[in-house]
Amino acid sequence: MRIDTQIHARLTDALAPESLDVQNESAKHAGHAGDDGSGESHFHVTIKAASLDDLSRIGRHRAIHDAIGKDLMGRIHALGITVL
Amino acid sequence: MTAENQIKDTVTQNDVVLFMKGTKTMPQCGFSSRVAGVLNFMGIEFQDVNVLADDGIRQGIKDYSDWPTIPQLYVKGEFVGGCDIITEMTLSGELDTLLSDKGISFDKDAAEKIREANG
């Protein structure tokens, strides 16, 4: 299964977001450090979820890292996060 | 010395530390480059640690902060955040507040210029 699809599914399950967008930005980083040629290296998550509202900035990012899981986080090079 | 002790020494002996890919004068990743650029522009004195030069530190810093990505910024021994968080805090003025509270000197006008340019 595509990594962006898996990230989307795990964030949806864990955080019940009101809005969620997962972009694969790997093409923008092709040839840069971290591009492993898979086309699945760089992602950006834009999310709005009530479950994140009361957390600090670091807390929000941790909750998102945890929801995505160590296995998937370990397979990608970069994850940009925008919490709305 | 273990990587953990080495990291602990570095973040306690230096007020501001950036663990990054590459160095502050020659960053090797866009995300590291962005944070180093903000610190440089704001005239903040900081210690850079190139994680690409040491595999023990590269993994160790992720374990130390329980944070999976590089760059990582520490102020007075405390983990502040990665690239997205530092960018957001710069634009919101939270970084200015944090630095002032911790007694770290920086160029307030330069910080305002960043905000004007990205407003």
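It should be emphasised that the depicted structure is a prediction, and the values quoted were computed from it without experimental measurement.

What to know about the layout of surface pockets
And then number 1: By volume, the largest pocket amounts to about 810 Å³.
And then number 2: Surrounding the largest pocket, 34 residues form its lining, Met73 of chain A together with Lys62, Trp67, Pro68 and Thr69 of chain B being those nearest its centre.
And then number 3: Partitioned by chemical class, the residues of the lining of the largest pocket number 15 nonpolar, 10 polar and 9 charged.
And then number 4: As a volume, the second largest pocket reaches approximately 180 Å³.
And then number 5: For the second largest pocket, the lining is made up of 15 residues, of which His44 and Gly80 of chain A together with Phe31, Arg34 and Asp84 of chain B are closest to its centre.
And then number 6: Breaking the lining of the second largest pocket down by element, the ones donating at least two residues are strand 2 (42-48) and strand 3 (78-83) of chain A together with helix 2 (30-41) and helix 4 (83-92) of chain B.

Quick notes on the interface of chain A and chain B
And then number 1: Each partner contributes residues to the interface: chain A has 15 residues there, and chain B has 17 residues.
And then number 2: The largest per-residue losses of area from chain A upon contact with chain B belong to Arg57, Ile58 and Arg62 of chain A, which jointly make up 44% of the total buried on that side.
And then number 3: Counting across the chain A and chain B interface gives 2 salt bridges.
And then number 4: When the shortest N-O distance is used, the salt bridge between Arg57 of chain A and Glu94 of chain B registers 2.4 Å.

Calculation criteria
Residues numbered from 1 in each chain as written. Chains lettered and ligands numbered in written order. Predicted model: local features only at pLDDT ≥ 70, side-chain atom pairs only at ≥ 80, totals over all residues. Heavy atoms only, no water. 1 Å grid on protein atoms, 1.4 Å probe; cavity = no way out; pocket = protein on both sides within 12 Å on 5 of 7 lines; lining within 4 Å. Points joined across faces, edges and corners; volume = space filled by probe spheres on them. Nonpolar A, V, L, I, M, F, W, Y, C, P; charged D, E, K, R; others polar. Helix = DSSP H or I, 4+ residues; strand = E, 2+ residues; numbered from the N terminus. Contact = heavy atoms within 4.5 Å. Buried area = accessible area lost by both parts, 1.4 Å probe. Salt bridge = Lys/Arg side-chain N within 4 Å of Asp/Glu carboxyl O.

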